[in-house]
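Residue-level structural notes
Residue strings, one per chain:
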There are 2 protein chains.
Amino acid sequence: MHLLLTGLRYFEEVARQGSLRKAAERLHVAASAVNRQILKLEDELGVPLFERLPRGLRLSPAGELMLAQIRQWQRDERHLLETLGDIRGTGCAEVRIATVESLTDEVLPRLLGRFGERFPRVRFALRTGLTEAILEEVATGEADIGICMNPHPTPRIRFIESVELGFGAVVAPSHPLAERPSVRLDDCRDYPAILPDAEMFRGSTLERVLAQSDIELSPLAGCNRILAIKSLARAGLGVAFLNELDVARELAHGELVFKPLRDPRIDGARLVLCGAAGRTLPLAVEVLVEELSVAIRELAPRT
Amino acid sequence: MHLLLTGLRYFEEVARQGSLRKAAERLHVAASAVNRQILKLEDELGVPLFERLPRGLRLSPAGELMLAQIRQWQRDERHLLETLGDIRGTGCAEVRIATVESLTDEVLPRLLGRFGERFPRVRFALRTGLTEAILEEVATGEADIGICMNPHPTPRIRFIESVELGFGAVVAPSHPLAERPSVRLDDCRDYPAILPDAEMFRGSTLERVLAQSDIELSPLAGCNRILAIKSLARAGLGVAFLNELDVARELAHGELVFKPLRDPRIDGARLVLCGAAGRTLPLAVEVLVEELSVAIRELAPRT
DNA sequence: CATTGCTGTTGCTTTTTCAGCAACGAAATG
DNA sequence: CATTTCGTTGCTGAAAAAGCAACAGCAATG
């Protein structure tokens, strides 16, 4: 398969060989065919590409220019065909995932590792952000799939899979709340609270929880990163409110304690895997979606 | 005239319009023709370039890649055709001249200025060097034409025009030699000489002049630039040996005095315009050669 | 619920383009 | 002086591309 015009390929070989007949031999075509392509090129360009010598053809200045461009195009073509070859069988060379931060900690790396064994040539583009930005990227096509918290339904977004994550108070093991058998939101207002900043707060699970009660927390800090929230909580400075996925690793290491908020009015944090509504996804993305769905479903029983 | 494969142009238009029929209308061809080119492309690449929606065609990931490459190629093509258009009628877009330093001072700028009015789109590449390097560049084709001093005849080089330049002693107006009505080489050995360095000396007119006499000069300095030689002479430090072209400007300003060496054994400095032996030159170069020939012939009477 | 208007797709025919063969003139070589 | 090698050119057949008309699928419309 050649993307370039046959005339250009002929030209390149003639320039390389300095002779029509030698080039024709290499190209496995008749010399007259090669000659005609060259003459046609020169006629259409209005510029002689070769000077005719008794021993063969020699590039003219215009021909030198042309040759340099063709060489560039041939390099481009090889590179393009290579990449398209990677895509063949997978549907795309790159899966673009927009996700909440907490998934990039453990779940996604493990999943992408397994996926990479099956599709070794597929690369990933991981972008983390808040729900709103994630939905926007999925809708515009900047991302193939999105994983976000509590998205509002939109006709442009298709929800593929979702799971209810436990939402609760997170404190250091030394914190008084850690000793309690169970914790309700009411119990937290006596302690300093480590909250997300205004931007993170908007649309968050915590916002919905607070909206359904009339409890006033006493904020100690507002952070724009979950990592910072967890660090402050780990230092015992106060109580944070996160879902259990956010603190999965710290729980395993015993650095933090998770206390589910068992208020009946709280429906918790919904993690949703979603894609663009109208689009048919490339094979590789489809496969990854399937694996993500399984992984997300498996998150549920842990609550 | 289009260099790109028709299939690629079709593809680009379909991607732009998002519809086969709209693209076909713009391309002034039947929709079926466009469709077949797209299908052929996809078949040969083994990758779907579009996803088929009920309302038209939408680029697949592979198609996005393809489109970006085609856009790049189209830009390349426009640029190339533009340059080739400049070449049409002139034979080349750039005249590469290898010359001795002295010509770049006055003669060449004036000449290239006139030439530029006639061929506004032709650029110049000026490389200065010594005779040996100039001949090498002309022979290898790195330069279209060369102007050098006293070249040895070579089968690979064709001498187009030459002129005998006055060769003589160059001193400051305050120098004792400046008062003499005429100067012979003998008269110079009493004064410090400002000479070219070993590399410049080799093959120079001065070398030949000295070889034909057995006069010993008393060198004060050896310089690797004519500019430096002239500066030292202008400062009155000694006597330099140059041709009158080297010091044309300083003579006009009265900063230096030129005393021709009228020894009968000295045949002087031969300035030679030359080109590669076998090559037929582009039109613009041919014209410039003609103007250069005239200009070089006009240098003669001044001796 | 049929209609209308899109869409891409496909057989078939015509037109155009391209490749192969053979031969020619010119120039360099032995 | 014959020979080889070069680019070039009619001519012929094959291959590719384009045009035409019709079809099936889907969405919006009356």
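Reading the values: the criteria
- Residues numbered from 1 in each chain as written.
- Chains lettered and ligands numbered in written order.
- Predicted model: local features only at pLDDT ≥ 70, side-chain atom pairs only at ≥ 80, totals over all residues.
- Least-squares fit on C-alpha atoms with pLDDT ≥ 70 in both.
- Contact = placed C-beta atoms within 7 Å.
- Domains from an automatic or database assignment.
- Pairing = 2+ DSSP bridges.
- Helix = DSSP H or I, 4+ residues; strand = E, 2+ residues; numbered from the N terminus.
- Nonpolar A, V, L, I, M, F, W, Y, C, P; charged D, E, K, R; others polar.
- Near = placed C-beta within 6 Å.
- Buried ≥ 20, exposed ≤ 12 C-beta atoms within 10 Å, placed from the backbone.

If you rotate chain B by 179 degrees and push it 0.1 Å along the axis, it lands on chain A with an RMSD of 0.2 Å. Considering both components of the superposition, the chain copies are consistent with a two-fold axis. When each C-alpha of chain B is compared by its distance to the rotation axis, Leu5 of chain B comes out closest, at 2.6 Å. Looking at chain B, 96% of its interface residues are interface residues in chain A too, so the copies touch through the same face.

Our focus in this paragraph is the domain arrangement of chain A. You can read the domains of chain A as domain 1 (6-87), domain 2 (94-160 + 276-302) and domain 3 (167-267). For domain 1 of chain A and domain 3 of chain A, the distance between their C-alpha centroids amounts to 70 Å.

All names here are of chain A. In terms of strand pairing, strand β1 (residues 50-53) meets strand β2 (residues 56-59) through four bridges, oriented antiparallel. By the bridge assignment for β2, Arg52 is matched with Leu57. Linkage of β1 to β2, two consecutive antiparallel strands, is achieved through a turn of two residues.

A separate point is the interface of chain B and chain A. Accessible area lost on assembly of the parts is the figure often given for the size of an interface. If you look at the interface, chain B gives 26 residues, while chain A gives 26 residues. If you list the elements that add at least two residues to the side of chain B that touches chain A, you get α3 (31-45) and α4 (61-87) of chain B. A per-element tally of the side of chain B that touches chain A places α4 of chain B first, with 10 residues. Class assignment for the residues of the side of chain B that touches chain A results in 16 nonpolar, six polar and four charged.

Within the structure, DNA strand C sits among 19 residues, and Val29, Ser32 and Pro54 of chain A together with Leu20 and Ser32 of chain B are positioned closest to it. Those elements that place two or more of their residues in the surface near DNA strand C are α3 (31-45) of chain A together with α2 (20-27), α3 and β2 (56-59) of chain B. Here the residues of the surface near DNA strand C are counted per class, giving eight nonpolar, seven polar and four charged.

All right, on to unusual backbone geometry then. Residue and element names in this part refer to chain A. Its identity is not glycine, yet His28 carries a phi of approximately 60 degrees, on the positive side. Structurally, the position occupied by His28 is in the loop between α2 (20-27) and α3. In this structure His28 comes out as exposed when scored by C-beta crowding, with 6 C-beta atoms within 10 Å. In this structure, Asn150 takes a positive phi of about 45 degrees despite not being glycine. Within the secondary structure, Asn150 is located in the loop between β5 (145-149) and β6 (157-165). The class for Asn150 is partly exposed, based on 17 C-beta atoms found within 10 Å.

Let us now look at the protein's contact with DNA strand D. Of all residues adjacent to DNA strand D, which total 20 residues, the nearest are Leu20 and Ser32 of chain A together with Val29, Ser32 and Pro54 of chain B. Every element with two or more residues in the surface near DNA strand D is listed here: α2, α3 and β2 of chain A together with α3 of chain B.

In this section: the environment of Val257 of chain A. Residues and elements named next belong to chain A. Following the sequence through the fold, Val257 ends up in strand β11 (residues 257-260). Between the alpha carbons of Val257 and His175 there is a distance of 9.0 Å; along the sequence they are 82 residues apart. With near-sequence residues (within four places) excluded, Val257 lies in contact with Val171, Pro173 and Ala178.

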